[in-house]
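Residue strings, one per chain:
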Amino acid sequence: MDLIADEAILELLTPILKSRPLFRTTTLLFNPLAEHPTRDGNWHRDAQFMTKTEEDEKRMLFDDRSTTAIQLMIALVPSSDSQVVPGSQLRWDTPEEYHIRKSENGIHNTSNDMPGAVRVSLQPGDSVSFDPRGLHRGQYRHEVPRRTLLLTYVASRSPGAPDAFNRQPWFLEPDYLKPLSPQTRAFFEPFIEAYRESWR
Ligand SMILES: O=C(O)CCC(=O)C(=O)O
């Protein structure tokens, strides 16, 4: 949690989000157990999972053209499991991209032929941030260790409604923040205040 609230990260993200970063959630990306088949992830924009229609998706992506969420990956072991299409966060899909991401109920969405796709290679301690509005995907290989932290921040000027990701009622446990540094506690306070009511 001290890492999530590290001022070096917050300072980097503040100009991108055009406001102080607000905590959203953390994820640990790890390689699946051997009994799960190795698979390529599906190309997506996160907004497609939070909207019901394509019109809603476009509104969520582009009504506010600025970046309101950032995902920061920090690799703990070497990883080259993520791919992104740089720049796609600023525009709707080209016909080729749309064909892969959505056409025919998504049957092509694990294609290896996404135009302009860049594979991100990280060494332990490397980090990369991306705007989840853009096209991206992972791969999930049980035979290759993966331990990548994915820290998600949103812009405090546009925090977003309560949902399953920011639902973290354990922040209300007595003394939950007590072992943390004052700076870390101060970082998490606005998150708690923004969502406290929705956790009751
Ligand atoms: O596994 C990855 O690198 C991609 C994760 C992802 O798709 C997401 O966070 O939406």
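It should be noted that the structure appears before, not after, this text.
Residues numbered from 1 in each chain as written. Predicted model: local features only at pLDDT ≥ 70, side-chain atom pairs only at ≥ 80, totals over all residues. Heavy atoms only, no water.

Asker: Looking at this model, I keep getting lost on the overall build of the protein chain. Mind explaining?
Answerer: Counting its regular elements, the protein chain contains 5 helices and 8 strands. Beginning at the N terminus, the succession of helices and strands in the protein chain can be written as α-β-β-α-β-β-α-α-β-β-β-β-α. For the protein chain, whose C-alpha radius of gyration is 18 Å, the value lies close to the compact-globule estimate of 16 Å for 200 residues. Classification of the 200 residues of the protein chain by burial places 42% in the buried group. Sequence separation of at least 24 residues holds for 84% of the intrachain contacts in the protein chain that already meet a minimum separation of 6. By element, 56% of the accessible surface of the protein chain is carried by carbon and sulfur atoms, the whole surface being about 10800 Å². Here the protein chain contributes 24 positive and 28 negative side-chain charges, whose respective centroids are spaced 2 Å apart. (Helix = DSSP H or I, 4+ residues; strand = E, 2+ residues; numbered from the N terminus. Rg over C-alpha atoms; globule rule 2.2 N^0.38 Å. Buried < 20%, exposed > 50% of the residue type's maximum accessible area, 1.4 Å probe, protein only. Contact = heavy atoms within 4.5 Å. Areas by Shrake-Rupley, 256 points an atom, 1.4 Å probe, with all protein chains shown as cover. Lys, Arg positive; Asp, Glu negative; His and termini not counted. Charge placed at Lys NZ, Arg CZ, Asp CG, Glu CD.)

Asker: Quick question: what am I supposed to make of the sheet that holds strand β2 (residues 39-40) here?
Answerer: If you walk across this open sheet you meet the 4 strands as β2-β7-β4-β5, and the pairing is antiparallel. Each of the sheet's edge strands pairs with one partner strand only, and the pair in question is β2 and β5 (118-122). In this sheet, strand β7 (residues 136-140) lies alongside strand β4 (residues 79-84) in antiparallel orientation, the contact comprising 3 bridges. Residue pairing in the sheet places Q83 in a bridge with R137 of β7. (Pairing = 2+ DSSP bridges.)

Asker: Looking at this structure, how should I read the layout of surface pockets?
Answerer: Empty space left among the atoms is revealed by rolling a probe the size of a water molecule over them. The volume enclosed by the largest pocket comes to roughly 1000 Å³. The set of elements that each furnish at least two residues to the lining of the largest pocket consists of β1 (21-30), β3 (69-75), β4, β6 (127-130), β7 and β8 (147-155). For the lining of the largest pocket, the class distribution of residues is 19 nonpolar, 16 polar and 9 charged. (1 Å grid on protein atoms, 1.4 Å probe; cavity = no way out; pocket = protein on both sides within 12 Å on 5 of 7 lines; lining within 4 Å. Points joined across faces, edges and corners; volume = space filled by probe spheres on them. Nonpolar A, V, L, I, M, F, W, Y, C, P; charged D, E, K, R; others polar.)

Asker: Sorry if this is basic, but what is going on with the packing of aromatic side chains here?
Answerer: Any pair of aromatic rings gets described here by the distance separating the centres and the angle formed by the planes. Per the stated rule, a full pass over the model turns up 12 aromatic pairs. For the ring pair F23 and F171, a centre distance of 6.1 Å and an interplane angle of 50° mean the geometry is tilted. Residue F23 is located in strand β1, and its partner F171 is located in the loop between β8 and α5 (182-195); the two are separated by 148 residues in the primary sequence. Each member of the pair, F23 as well as F171, carries the same accessibility label: buried. Grouped by ring-pair contacts, the aromatic residues F23, Y153, F171, Y176, F187, F188, F191, Y195 and W199 constitute a single cluster. The ring centre of W92 lies 4.8 Å from the NZ or CZ of K58, which sits over that ring. (Phe/Tyr/Trp six-rings, centres within 6.5 Å; stacked < 30°, edge-to-face > 60°. Lys NZ or Arg CZ within 6 Å of the ring centre and 35° of its normal.)

Asker: So what exactly am I meant to see when it comes to the sheet that holds β1 here?
Answerer: The strands making up a sheet are joined through hydrogen bonds of the backbone, oriented either antiparallel or parallel. Across the sheet, 4 strands lie side by side as β1-β8-β3-β6; this open sheet has antiparallel pairing. Two strands lie at the open edges of the sheet, namely β1 and β6, each paired on one side alone. Here the average twist between neighbouring strands, direction ignored, is 20°. Sheet analysis places β1 next to β8, joined by 9 bridges and oriented antiparallel. (Axes fitted to C-alpha atoms, helices over the stretch in contact; angles between N-to-C directions.)

Asker: Is there a simple way to think about the site of the ligand in this case?
Answerer: Around the ligand, the surrounding shell consists of L29, H44, D46, Q71, M73, S82, H136, R137, G138, Y140, R146 and L150. The side chain of S82 places a nitrogen or oxygen atom 2.6 Å from an oxygen atom of the ligand. Here an oxygen atom of the ligand and a side-chain polar atom of H136 are 3.0 Å apart. In isolation the ligand offers 300 Å² of accessible surface; the protein chains occlude 88% of this area. Placement of the ligand is best described as lying within the largest pocket. Listed by contribution, the elements that provide at least two residues to the shell around the ligand are β3 and β7. For the shell around the ligand, the element with the most residues is β7, which contributes 4 residues. Within the shell around the ligand, the residues separate by chemical class into 4 nonpolar, 5 polar and 3 charged. (Near = heavy atom within 4 Å. Polar contact = N/O pair within 3.5 Å; in protein donor to acceptor, adjacent residues only side chain to side chain. Sits in = over half its atoms within 2 Å of the grid points.)

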